[in-house]
Number of protein chains: 2
Amino acid sequence: MSLKYAILGVLKLKPHTGYDLKKTIEASVAHFWSADQSQIYRTLALLVTDGLAEVEVIAQDGRPDRRVHRITTTGLTALREWLASPLPPETPHDAFLVRVFFVGELGIPAAAGLLQSRRDEADSALSRLTALVGQERGEPVDLAHALRRATLRNGIRHAEAELAWLDETVAALP
Amino acid sequence: MSLKYAILGVLKLKPHTGYDLKKTIEASVAHFWSADQSQIYRTLALLVTDGLAEVEVIAQDGRPDRRVHRITTTGLTALREWLASPLPPETPHDAFLVRVFFVGELGIPAAAGLLQSRRDEADSALSRLTALVGQERGEPVDLAHALRRATLRNGIRHAEAELAWLDETVAALP
DNA sequence: GTCTTATATATGTATAGTCTTATACAGTCA
DNA sequence: TGACTGTATAAGACTATACATATATAAGAC
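Residues numbered from 1 in each chain as written. Chains lettered and ligands numbered in written order. Predicted model: local features only at pLDDT ≥ 70, side-chain atom pairs only at ≥ 80, totals over all residues. Heavy atoms only, no water.

*Asks:* Can you help me understand the overall build of chain A in this one?
*Replies:* When its secondary structure is counted, chain A shows seven helices and two strands. Listed N to C, the secondary structure of chain A is α-α-α-β-β-α-α-α-α in terms of helices and strands. A compact globule built from 174 residues should have a C-alpha radius of gyration of about 16 Å, whereas chain A, at 20 Å, is more than 25% larger. Principal-axis analysis of the C-alpha atoms places the extent of chain A at approximately 65 × 40 × 35 Å. In chain A, which comprises 174 residues, the proportion classed as buried is 43%. For chain A, the exposed area adds up to about 8900 Å²; of that, 55% sits on carbon and sulfur atoms. Taking the 20 positively charged and 22 negatively charged side chains of chain A as two groups, their mean positions are separated by 6 Å. (Helix = DSSP H or I, 4+ residues; strand = E, 2+ residues; numbered from the N terminus. Rg over C-alpha atoms; globule rule 2.2 N^0.38 Å. Buried < 20%, exposed > 50% of the residue type's maximum accessible area, 1.4 Å probe, protein only. Areas by Shrake-Rupley, 256 points an atom, 1.4 Å probe, with all protein chains shown as cover. Lys, Arg positive; Asp, Glu negative; His and termini not counted. Charge placed at Lys NZ, Arg CZ, Asp CG, Glu CD.)

The following block contains the structure:
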């Protein structure tokens, strides 16, 4: 359950409402972690019942109260423990490769089509990430920012690897 | 729910019991799809109630009956439809990158340690995949086999990309 | 004037997957 | 002889996530 820690990590940077969190997540970690709105609210509630976050209710008129969540010292400890704990074993789930593995059944044109649509996706992912990297010029050079930029570079490296693999694979179709 | 189609795809190659499936999956698609034993049996039962597979019970002595599952024509149609359907949007979930994003909190040694343990994993993934590719020499050159080998190449490309990214990232730590 | 977007939270339901435990016998290794 | 591994199936409990829907108002677009 990394969403729990992703949220704790964001709350550590700054207190957030569920609504804010959704936007912050979309603007920062969305390239490697997607989060559903309802899941965010439920996880936030869980953090509060576990004492890892606390809420300040700010009344508004015409809108529901803002429920601003702040990380607690217990929460900070939990975040640090998670960050220092060993990586759990991976359980890969790549639906695209399942298709590649079995799509031979449909013949070459269908296989080529599948690879082409993947190419389109990888292409647009690559330009999205490249644009984001461009926006980060001028940010601080401290460790935290360097690591955040590194996650973007990771996406770029893998998008490039995917494109190279697609070229090689299309070229080698019998 | 790609497991459903992964199983249908395997059943299309040859009828399987749940037990066999677990082993076939481990030996063929495990590098991009992991499947829990209980999940395999449940999915198999679902395929049968949906008419996508049928069972032949083979009595044994000293062991539970073998329940051999075979794909039906309805199942084959469902598999083909899935293979031809558009790729659903991706919802990325990479717990490792969540850590990288927030691990700055713990300082440079912890960040370097995280990256190093990832390096070990990527290294062993790479040698595992390379060994598998070696074993596939001499297989047929038809479309289906080419695509199956391509999934291994995909894993290799991404493992290499991950290693290159790790080097670059470790070198750039402030 | 109506339609869409933004603000803000919350629940119900379905789907997918993991972990754990249960049952039962045969063969192998020490 | 006792422990471990392999063959074979199954269900319960739990975790994580996604999808849909509900509520209520304001602001801006067309």
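*Asks:* Help me understand the interface of chain A and chain B, please; the structure alone is not making it clear to me.
*Replies:* Much of the literature gives interface size as the accessible area that the parts lose upon coming together. If you look at the interface, chain A gives 67 residues, while chain B gives 67 residues. With both chains or domains summed, chain A and chain B bury close to 6200 Å², and 68% of this area falls on carbon and sulfur atoms. Summed over the three residues of chain A that lose the most area to chain B, namely L87(A), R99(A) and F101(A), the buried surface amounts to 13% of that side. In this structure, the connection of chain A to chain B is made through ten salt bridges. Residue E168(A) pairs with R153(B) through a salt bridge whose shortest N-O separation is 3.0 Å. Inspection of the region where chain A meets chain B yields 25 residue pairs in polar contact (both at pLDDT 80 or more). Going through the elements one at a time, α1 (2-13), α4 (73-84), α5 (95-102), α6 (108-135) and α7 (143-171) of chain A are the ones with two or more residues in the side of chain A that touches chain B. Element by element, the count of residues in the side of chain A that touches chain B is highest for α7(A), at 17 residues. A per-class count over the side of chain A that touches chain B returns 38 nonpolar, 15 polar and 14 charged. (Contact = heavy atoms within 4.5 Å. Buried area = accessible area lost by both parts, 1.4 Å probe. Salt bridge = Lys/Arg side-chain N within 4 Å of Asp/Glu carboxyl O. Polar contact = N/O pair within 3.5 Å; in protein donor to acceptor, adjacent residues only side chain to side chain. Nonpolar A, V, L, I, M, F, W, Y, C, P; charged D, E, K, R; others polar.)

*Asks:* Just to check I follow, could you spell out the environment of R119(B) for this structure?
*Replies:* All names here are of chain B. As for its placement among the helices and strands, R119 is situated in helix α6 (residues 108-135). Judged by its relative accessible area of 21%, R119 falls in the partly exposed class. The residues touching R119, leaving out its near neighbours within four places in the chain, are L163, L166 and D167.

*Asks:* Explain the packing of helix α1 (residues 2-13) of chain B against helix α4 (residues 73-84) of chain B here, please?
*Replies:* Residues and elements named next belong to chain B. Orientation of α1 relative to α4, taken along the N-to-C sense of each, is 125 degrees, at an axis distance of 10 Å. One element, α1, and the other, α4, form an angle in the oblique class. Handedness of the crossing formed by α1 with α4: left-handed. Listed contacts from α4 to S2, Y5, L8, G9 and K12 of α1 are G75, L76, A78, L79 and W82. Split by residue class, the contact of α1 with α4 holds six nonpolar, three polar and one charged. (Axes fitted to C-alpha atoms, helices over the stretch in contact; angles between N-to-C directions. Parallel < 35°, antiparallel > 145°, perpendicular 65-115°, else oblique. Left-handed = near helix turned anticlockwise from the far one by under 90°.)

*Asks:* Got a minute to help me understand the protein's contact with DNA strand D in this structure?
*Replies:* In the vicinity of DNA strand D, 25 residues are found, and the nearest of them are M1(A), S38(A), Y19(B), Y41(B) and R42(B). When the atoms of DNA strand D within 4 Å of the protein are grouped by moiety, sugar and phosphate amount to 60% of the total. One of the side-chain nitrogen or oxygen atoms of R42(B) is found 2.5 Å away from a base oxygen of DNA strand D. For DNA strand D, a phosphate oxygen lies 3.4 Å from a polar atom in the side chain of T91(B). Breaking the surface near DNA strand D down by element, the ones donating at least two residues are α3 (37-49) of chain A together with α2 (18-28), α3 (37-49) and β2 (66-71) of chain B. Looking at the surface near DNA strand D element by element, the count peaks at four residues for α3(B). Partitioned by chemical class, the residues of the surface near DNA strand D number six nonpolar, eleven polar and eight charged. (Near = heavy atom within 4 Å.)

*Asks:* What am I meant to see in the UniProt feature "domain: Transcription regulator PadR C-terminal" (unreviewed entry) in chain A here?
*Replies:* Here, the residues flagged by UniProt with the feature "domain: Transcription regulator PadR C-terminal" (unreviewed entry) are residues 94-173 of chain A. The distance separating the terminal C-alpha atoms of residues 94-173 of chain A is 21 Å; by composition the span is 81% helix and 0% strand. (UniProt positions renumbered as here; feature names shortened; annotations may be inferred.)

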